[in-house]
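Here are the chains, one letter per residue:
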Number of protein chains: 2
Amino acid sequence: MNSDALANLYRDYIACLNRRDLDDLGTYVHDDVRHNGQRLGVEGYRLMLQKDFTDIPDLRFNIELLVCQPPLVASRLRFDCTPKANFLGLAVDGVKVSFSENVFYEFQDAKIITVWSVIDKTAIEAQLRQEGAAGHP
Amino acid sequence: MNSDALANLYRDYIACLNRRDLDDLGTYVHDDVRHNGQRLGVEGYRLMLQKDFTDIPDLRFNIELLVCQPPLVASRLRFDCTPKANFLGLAVDGVKVSFSENVFYEFQDAKIITVWSVIDKTAIEAQLRQEGAAGHP
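Residues numbered from 1 in each chain as written. Chains lettered and ligands numbered in written order. Predicted model: local features only at pLDDT ≥ 70, side-chain atom pairs only at ≥ 80, totals over all residues. Heavy atoms only, no water.

(A) Molecular detail of the relation of the copies chain B and chain A. Each copy of the sequence occupies a distinct position, and chain B is placed on chain A by a rotation of 180° and an axial shift of 0.0 Å, giving an RMSD of 0.0 Å. Such a combination of rotation and displacement between the chain copies is what one expects of a two-fold axis. Most of the interface of chain B is mirrored in chain A, where 100% of its interface residues again form contacts. (Least-squares fit on C-alpha atoms with pLDDT ≥ 70 in both. Contact = heavy atoms within 4.5 Å.)

(B) Summary view of the interface of chain B and chain A. Residue-level contacts link 21 residues of chain B with 21 residues of chain A. When the two sides are added together, the surface that chain B and chain A hide from each other amounts to roughly 2000 Å², 64% of it contributed by carbon and sulfur. Of all residues in chain B, B:Val67, B:Phe104 and B:Val118 give up the largest surface area on contact with chain A, accounting jointly for 30% of the area buried on that side. Salt-bridge contacts for B:Glu125 lead to A:Lys121; the nearest nitrogen and oxygen are separated by 2.6 Å. At the level of secondary structure, the elements contributing two or more residues to the side of chain B that touches chain A comprise strand E3 (62-69), strand E4 (72-81), strand E7 (97-108), strand E8 (111-119) and helix H3 (121-135) of chain B. For the side of chain B that touches chain A, the leading source of residues is E3(B), giving five residues. (Buried area = accessible area lost by both parts, 1.4 Å probe. Salt bridge = Lys/Arg side-chain N within 4 Å of Asp/Glu carboxyl O. Helix = DSSP H or I, 4+ residues; strand = E, 2+ residues; numbered from the N terminus.)

(C) Inspection of unusual backbone geometry at higher detail. Residue and element names in this part refer to chain A. That bond from Pro70 to Pro71 is cis: its omega, 5°, falls within 30 degrees of zero. Within the secondary structure, Pro71 is located in the loop between strand E3 (62-69) and strand E4 (72-81). With phi around 60°, Arg20 is a residue other than glycine that occupies positive phi space. If you trace the backbone, Arg20 turns up in the loop between helix H1 (3-18) and strand E1 (29-35). The exposure class of Arg20 is partly exposed, given its relative accessible area of 35%. (Buried < 20%, exposed > 50% of the residue type's maximum accessible area, 1.4 Å probe, protein only.)

(D) Region of interest: the nonpolar core. Of all hydrophobic cores here, the largest spans 40 residues; its most connected members are B:Tyr10, B:Tyr13, B:Tyr45, B:Phe61 and B:Tyr105. Where this core is concerned, the elements lending two or more residues are helix H1 (3-18), strand E1 (29-35), helix H2 (41-55), E3, E4, E7, E8 and H3 of chain B. Top element by residues in this core is H1(B). It accounts for eight residues. Discounting chain neighbours no more than four positions away, the residues touching B:Tyr45 are B:Tyr13, B:Leu25, B:Val29, B:Val33, B:His35, B:Leu40, B:Tyr105 and B:Val115. Judged by nonpolar contacts, the second largest core, of 39 residues, contains A:Tyr10, A:Leu17, A:Val33 and A:Phe61. (Core = buried A, V, L, I, M, F, W, Y, C linked by side-chain atoms within 4.5 Å.)

(E) Summary view of the packing of aromatic side chains. Residue and element names in this part refer to chain A. Scanning the model with the defined rule gives 16 aromatic pairs over all chains in all. On the basis of an interplanar angle of 75° and a centroid distance of 6.1 Å, the ring pair of Tyr13 and Tyr105 is categorised as edge-to-face. Note that Tyr13 is positioned in helix H1 and Tyr105 in strand E7 (residues 97-108), a separation of 92 residues in sequence. Here Tyr13 matches Tyr105 in class, with each residue buried. Connected via pairs of aromatic rings, a cluster forms that spans Phe53, Phe61, Phe79, Phe87 and Phe99. (Phe/Tyr/Trp six-rings, centres within 6.5 Å; stacked < 30°, edge-to-face > 60°.)

(F) Structural context of the pairing of E1(B). Residues and elements named next belong to chain B. Bridge analysis of E1 against E8 gives three bridges, and the strand direction is parallel. Directly across from Arg34, in E8, lies its bridge partner Thr114. Relative to strand E2 (residues 38-39), E1 runs antiparallel, the two sharing two bridges. The partner of His35 across the bridge, within E2, is Gln38. (Pairing = 2+ DSSP bridges.)

(G) How the structure looks around the pattern of salt bridges. Residue and element names in this part refer to chain B. Going through the model one piece at a time under the given rule, you end up with 14 salt bridges over all chains. With a closest N to O distance of 3.1 Å, Arg76 and Glu64 form a salt bridge. In this pair, Arg76 sits in strand E4 while Glu64 sits in strand E3, placing the two residues twelve residues apart along the sequence. For Glu64, a relative accessible area of 39% corresponds to the partly exposed category.

(H) Local environment of H1(A). All names here are of chain A. Counted at 1.5 Å a residue, the expected span for H1 with its 16 residues is 22 Å, and the 23 Å between its end C-alpha atoms agrees. Structurally, the start of H1 carries an N-cap: the backbone nitrogen of Asp4 is 3.2 Å from a side-chain oxygen of Asn2. After H1 finishes, the residue Arg20 shows a positive phi value of roughly 60°. (Expected span 1.5 Å × (residues − 1). Polar contact = N/O pair within 3.5 Å; in protein donor to acceptor, adjacent residues only side chain to side chain.)

What follows is the structure, encoded as C-alpha cells:
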C-alpha cells in the first residue's frame, strides 16, 4: 500500500469512529492490536472507545496533521469536547476543553496493529485553571 | 527534498542537540520558527533548549519512531533523564524518569519552521506516584 492509499484508509478509520460504528472496528483494527504498550485486542480497543464515548458524549475526532510513510501513520488529532466528569485524572466536570493528541500507528495487513498515543494534558490543565479563575473572580 | 533526505536532515538536527551544539542551531531551525503556536524565532528556540539542558543535565534525545512525508516529519522521542527540580509543573526533584514526546515538524527551506509537540506527562506522573509509594512504604 502506498502513502496515499494508507492516508485514505486512515481517514476511513476516523470516519468510522465519528459515525460511532464500533461494529465495523474490525475492518480497521487488528485482532492483536496494542495501545501504549498494552495488548488490548480489537475487543479491548472497542471497550476503550465505548468508554470514551460514554465519558465524553460530544467526542469527535478531527485530523489536523497527517504524515504517512507505510507501514507508519502519524496523526495530530484535535478535540473540542466536554468530558462529563474526570478525564486523564482531571476533574473536567462538564467544562468544554480543546486539546490535541499526537499519535503514531503501525499498520499490518491493512489494519492498525500498534498505537503510540500522547494527549496534551498540560493544555487541558491550563484551560481548567483559566476556567477556575473566571468562575471565582 | 525526498523522504530519505528529510529523515537524514532530521537525524542531523537531533545529533546537533545531543552534541549541545546550540551555535549550529540555525543550520536546522528557521529564523521564524513557531513552537506550539508561539513564535519563538531561532533565538527563542535556543533559549528554550538552553533552559532544558540546565533543568535536565542528562537530557538526551533518542528517536524511537520516525515518519517522513515532505514537508512534514513526525517523530516519537524517548527520554530517560533526571530533571533537577520542577518539570511540566511536577516536582520531579532528581528522580530518574522515562517518557516520550510525540512531535510533528514542518520544514521550509530545509529548516524547521513549525513544531507541534506533546509530552507524555501522564507517564511521568505515574512514575512519581510509584516512586512516592516506594519511598514511603
